[in-house]
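# Structural characterization, general
Listed below, chain by chain, are the residues.
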Amino acid sequence: PGNWATDIAGGAQFGYTLLFVIMLSNLMAILLQALSARLGIVTGRDLAQACRAYYPRPVSYVLWFICELAIIACDLAEVIGTAIALNLLFGIPLVAGAIITALDAFLLLYLMNKGFRFLEAFIIALLIVIFGCFAIQIIAAQPSAAAIFGSMFVPSPEIVSNPAMLYIAMGIIGATVMPHNLYLHSSIVQTRAYERTDAGRREAIRFATIDSTVALMLALFVNASILIVAAVAFHGTGHEDVAEIGQAYELLSPLLGLSVASVLFGVALLASGLNSTVTATLAGQIVMEGFLHLRIPQWARRLVTRGIAIVPVVIVTWLYGERGTAELLVLSQVILSMQLPFAVIPLVHFVSDRKKMGGFAIARGVSFLAWIVAGVIVALNLKLLYDTFAGI
């Protein structure tokens, strides 16, 4: 759901300009997910376990705390997105919808008891629903292919120079890469059946990289579609101020001339919220076990993090209504971008180290590129912080 907020706001306010950020963040995610898979397959440790093993205990605790904040930020977006979807599709008030989302712990527990492959099938089904909904909307929107490719591959200097645009851009990066996903992916790849030999590991790395790249290309289509639909429907049509998911829902059908556009939008949002639930819960358990060697029941952990996320949503909704939740949704994704360096830098450090990775350490060229990605993320976050505090 974080992608919905950032992409809608970006498309409505700035047209196709931020498509380059979506492309860039997706390429970053492809590289970092591949490195995450390599770490897990080669060392037999996920990123959290590696941090605990190789860093001093105080550093490890700080990284754990920051990652927990990222999971709560992701949970926050899921609560808001699912509550809005329930409100739009079924008329359930936002506060009640936010509270209902706490029940997803039991749905997730049921799926986990069925087995991990069953859970993966559920996720794939949700992604197909999201993909299908936006494929129909893209066809209805009939965007300019030339404008899309021009914006996607040619960056605008305004992305960095315009504070409002940079804020949305960092939200897009946070929503796409997501720091806790790096911890999650480094653990999940170890559930695959592969021979624990050098040849088996190389084959596992190759297939895991293909797997995550295909998934992220699907995510690229969805993220770009949300922004493109918003750009076509709202930018330049007198609706540049559309920043709330509810506003977009109400306007999509009449502006696109497709009666089911709004319903498809709401269904995709609900599917996205359920998908995000799985990610946050699995990542939370892996992070807690890896950093603290502490394991609690999945449902208990889920209720704790969900409870923490629900409180600010209920308060903001009560005080400021939907407008407040829209701003909180974008803010949660910017928070994810701020936390990215604390996952990316350790990851690149580990996979570049031949003492830890042996012959599976990444090549110097790949290492150089990975450090550039880490540097770009840090630099953009520092620029955003400077703009924020300089403008106070």
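Let me begin by describing the structure that accompanies this report. (Residues numbered from 1 in each chain as written. Predicted model: local features only at pLDDT ≥ 70, side-chain atom pairs only at ≥ 80, totals over all residues. Heavy atoms only, no water.)

### Some points on the overall build of the protein chain
Counting its regular elements, the protein chain contains 18 helices and zero strands. Projecting the C-alpha coordinates of the protein chain onto the three principal axes gives extents of approximately 60 × 45 × 40 Å. Put simply, the protein chain has 392 residues, and 55% of those count as buried. Taking the intrachain contacts of the protein chain between residues at least 6 apart in sequence as the baseline, contacts between residues at least 24 apart amount to 81%. Accessible surface, the protein chain as shown: approximately 16100 Å² in total, 70% of it carbon and sulfur. For the protein chain, the distance from the average position of its 21 positive side-chain charges to the average position of its 21 negative side-chain charges is 16 Å. (Helix = DSSP H or I, 4+ residues; strand = E, 2+ residues; numbered from the N terminus. Buried < 20%, exposed > 50% of the residue type's maximum accessible area, 1.4 Å probe, protein only. Contact = heavy atoms within 4.5 Å. Areas by Shrake-Rupley, 256 points an atom, 1.4 Å probe, with all protein chains shown as cover. Lys, Arg positive; Asp, Glu negative; His and termini not counted. Charge placed at Lys NZ, Arg CZ, Asp CG, Glu CD.)

### Some remarks on the pattern of salt bridges
In this structure the tally under the stated criterion is three salt bridges. Residue K383 is joined to D387 by a salt bridge in which the shortest nitrogen-to-oxygen separation is 2.8 Å. Here the residue K383 and the residue D387 both occupy positions in helix α18 (residues 364–390), the gap between them amounting to four residues, near one helical turn. Taking the relative accessible area as the measure of exposure, K383 reaches 26% and is therefore partly exposed. (Salt bridge = Lys/Arg side-chain N within 4 Å of Asp/Glu carboxyl O.)

### A look at helix α4 (residues 57–90)
Relative to the 50 Å expected for 34 residues at 1.5 Å per residue, α4 spans 48 Å between its end C-alpha atoms, a close match to the ideal helical length. Directly after α4, the chain includes G91, whose backbone phi takes a positive value near 75 degrees. (Expected span 1.5 Å × (residues − 1).)

### Observations concerning the state of the cysteines
Counted by the stated rule, this structure contains zero disulfides. Lacking any disulfide linkage, C67 is separated from the closest cysteine sulfur, that of C51, by 8.9 Å. (Disulfide = S-S within 2.5 Å.)

### Section: the environment of T197
For T197, the location among the structural elements is in the loop between α11 (179–188) and α12 (198–233). Residue classification places T197 among the partly exposed positions, given a relative accessible area of 36%. The spatial distance from the C-alpha of T197 to the C-alpha of H180 is 28 Å, given a sequence separation of 17 residues. Among the polar contacts listed, one links the side chain of T197 to the backbone nitrogen of G200, at a separation of 3.1 Å. (Polar contact = N/O pair within 3.5 Å; in protein donor to acceptor, adjacent residues only side chain to side chain.)

### Remarks on the environment of G200
If you trace the backbone, G200 turns up in helix α12. Judged by its relative accessible area of 5%, G200 is buried. Put simply, G200 and N113 are 87 residues apart on the chain and 29 Å apart in space, counted from C-alpha to C-alpha. Other than its neighbours up to four places away in sequence, G200 contacts Y194 and E195.

### Let's talk about the nonpolar core
In terms of nonpolar packing, the biggest core is built from 133 residues, with W4, L18, L19, L35, L47, I245 and F265 touching the most fellow members. Looking at this core, the element that brings in the most residues is α4, giving 15 residues. When near neighbours in sequence (up to four residues on either side) are disregarded, L18 contacts G10, I159, M165, I168, A169, I172 and L227. (Core = buried A, V, L, I, M, F, W, Y, C linked by side-chain atoms within 4.5 Å.)

### Side note on the packing of aromatic side chains
Scanning the model with the defined rule gives eight aromatic pairs in all. Measuring from centroid to centroid gives 5.6 Å for Y54 and F350, while their planes differ by 55 degrees, and the two rings are tilted. Of this pair, Y54 sits in helix α3 (residues 47–54) while F350 is found in helix α16 (residues 341–352), placing the two residues 296 residues apart along the sequence. Classification of Y54 as partly exposed rests on a relative accessible area of 34%. The buried category is assigned to F350, whose relative accessible area is 1%. Seen in terms of ring centroids, F134 and F265 are 6.4 Å apart; in terms of plane orientation they differ by 70 degrees. Their pairing is edge-to-face. One end of the pair, F134, is in helix α7 (residues 116–141); the other, F265, is in helix α14 (residues 261–292), and 131 residues separate them in sequence. For the residue pair F134 and F265, the accessibility class agrees, reading buried in each case. In textbook terms, an aromatic cluster arises when at least three aromatic residues are bridged by ring pairs, as seen for W4, F134 and F265. (Phe/Tyr/Trp six-rings, centres within 6.5 Å; stacked < 30°, edge-to-face > 60°.)

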